[in-house]
Amino acid sequence: MDKKTPFYDKIVEAGGRMVSFAGYQMPVQFEGLIAEHTKVRSSVGVFDVSHMGRVEVKGSQALDFLNYLVTNDVSGLELYQALYTPMCYPSGGIVDDLLIYRLPDHYFVVINAANNEKDQKWMREQAKGFDVEIIDRTDAMAQLAVQGPKAEQVLQRLTSDDLASIGFYRGLETELAGVKMFVSRTGYTGEDGFELYFPAQQAHTVWDKLFEAGADEGIAPIGLGARDTLRLEMKYALYGNDIDKTTNPVEAGLSWVVKFEKEDFIARDALLKVKEEKPSRRLVCLEVQGSGIPRPHDVIVGDGEELGQVTSGTFSPSLRKGIALGYVRRGYTKSGTELLIRTHRGEVPAVIVKPPFYKEASHK
Amino acid sequence: MANVPEELKYSKSHEWVRIEGSQAVIGITDFAQGELSDIVMVELPQVGREVGTGDSIGVIEAVKAVADLYSPISGKVLEVNTNLSASPETINSDPYGEGWIAKLELADPSEAEKLMDAAAYKEFLATQGH
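Scoring rules and cut-offs
- Residues numbered from 1 in each chain as written.
- Chains lettered and ligands numbered in written order.
- Predicted model: local features only at pLDDT ≥ 70, side-chain atom pairs only at ≥ 80, totals over all residues.
- Heavy atoms only, no water.
- Domains from an automatic or database assignment.
- Contact = heavy atoms within 4.5 Å.
- Buried area = accessible area lost by both parts, 1.4 Å probe.
- Polar contact = N/O pair within 3.5 Å; in protein donor to acceptor, adjacent residues only side chain to side chain.
- Helix = DSSP H or I, 4+ residues; strand = E, 2+ residues; numbered from the N terminus.
- Axes fitted to C-alpha atoms, helices over the stretch in contact; angles between N-to-C directions.
- Parallel < 35°, antiparallel > 145°, perpendicular 65-115°, else oblique.
- Left-handed = near helix turned anticlockwise from the far one by under 90°.
- UniProt positions renumbered as here; feature names shortened; annotations may be inferred.

A. Structural view of the domain arrangement of chain A. Residues and elements named next belong to chain A. The domain architecture assigned to chain A consists of domain 1 (3-52 + 139-232), domain 2 (54-136) and domain 3 (280-357). Centre-to-centre separation of domain 1 and domain 3, based on C-alpha positions: 31 Å. In this assembly, six residues from domain 1 lie in contact with ten residues from domain 3. Of the roughly 640 Å² buried between domain 1 and domain 3 on both sides combined, carbon and sulfur atoms contribute 69%. When residues of domain 1 are sorted by the area they lose upon contact with domain 3, Ile34, Thr229 and Leu232 head the list and together hold 71% of the total. Connecting domain 1 to domain 3 are two residue pairs in polar contact (both at pLDDT 80 or more). Of all the secondary structure elements, the ones that give two or more residues to the side of domain 1 that touches domain 3 are helix H2 (33-42) and helix H7 (224-233).

B. Spotlight on the packing of H2 of chain A against H7 of chain A. Residues and elements named next belong to chain A. Interhelical geometry of H2 versus H7 gives an angle of 55° and a closest axis separation of 8 Å. Looking at the two axes, H2 sits oblique to H7. By crossing handedness, the relation of H2 to H7 is classed as right-handed. Here H2 contributes Leu33, Glu36, His37, Val40 and Arg41 to the contact with H7, which in turn contributes Gly225, Ala226, Thr229, Leu230 and Glu233.

C. Geometry of unusual backbone geometry. Residues and elements named next belong to chain A. The omega torsion across Pro355 and Pro356 is -5°, close enough to zero to call that bond cis. For Pro356, the location among the structural elements is in the segment after strand S19 (346-353). The phi dihedral of Ala22 falls on the positive side, at around 50°, and the residue is not glycine. Secondary-structure assignment places Ala22 in the loop between strand S1 (17-21) and strand S2 (24-29).

D. Broad picture of the UniProt feature "domain: GCVT N-terminal" (unreviewed entry) in chain A. Within this structure's numbering, the places UniProt gives as "domain: GCVT N-terminal" (unreviewed entry) are residues 7-262 of chain A. Taken end to end, residues 7-262 of chain A has its terminal C-alpha atoms 41 Å apart, with 24% of it in helix and 30% in strand.

Written out as structure tokens, the structure is:
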């Protein structure tokens, strides 16, 4: 039996077409995927992301524990700052990718919806020997992402604190729509935008006030379909597609969030080895030349050989062409390399391009 | 609820057929376009091709999905809707009108009787969980 987020009634009322996703009833789309995608790129859209996992990590060794648990360096985080990081198995395979916020008396970790149970179990196992407490806040809290170039303008109408003062990947404890909440300048679309974390009981109040405040901008609810095309245009990896336990951060292009210079952490040795030996494959961005839309598991071909597979593929509403992420064997991963993708309609030519696919996004 | 016009015939793979004398106009149903969502590319059947019932005769690509177009009836392709090459989204907005896909010369007019009528198709949709 699927769970429902605290916004379920509002979403159904708004015409969301519901699907089962990560154990929740979630909207795949409302008005239409391209319309919703365009709304976020040009104005402002609202995503219910309450299905994501949320935990507090507190205790005297919270920092030591997190720094051991993840590959990025948590120690440099300033108060109310956020950090993106992979969390790996000792083999280097990825357990998940996370956001970690530093708040006054704890660290706050946001987990991919489908991984919530698995991650919390993994975290608790690794926490043995550390003076830390891991508190599941998933059900108690609601989470909304308000994304788009007009997100700040709309949200500013609901709070007296200055949202312009929040830097990218920073946050603020504030009262917004009459509700005490944590607001961060983060998101998964490439656009300027915010994520709001607040008590689940206040979900309907915040939803209603938000849509009232953004009426002039045509604020709209956005489904999972557009969330996926938006993130793919930015080359943001999706756990379960582009990264998982069989892939490591180095080959996935996430070396920038692996900090070998910090103290020991899970997977340090394995990842150092991959880095030194150079990965046998890399996650690359492929842009289709002409018509044809790549889909996950399509085979990527070069010099008549199978070089790898598409992990995410779609029609890009912004570029009006097929785009894909996929792993490609070493030696074929340079930008400008011309390859073929074996799609449902036959082989189509594609070229490796530098990320992101979409270069006009509003976040600075 | 998907629109299911009374005067058309339907296949289990969600194509519709409108019989016009010895010819049949075909397309995909409102239900099918809704399931696919934003359609962004259509590979049309080849004019002149002889097709059998259930043959894959084209491909419909939506943003998040791809589907084969199956011929709901056998015959020879007389004409295809070339407007769809420039405006594939017409299938979303008008699946039974401007979004028609192909016109066939019927091989055997009695075949149409084997297709579902509107009532049967509605019942079929209900079994699909919609």
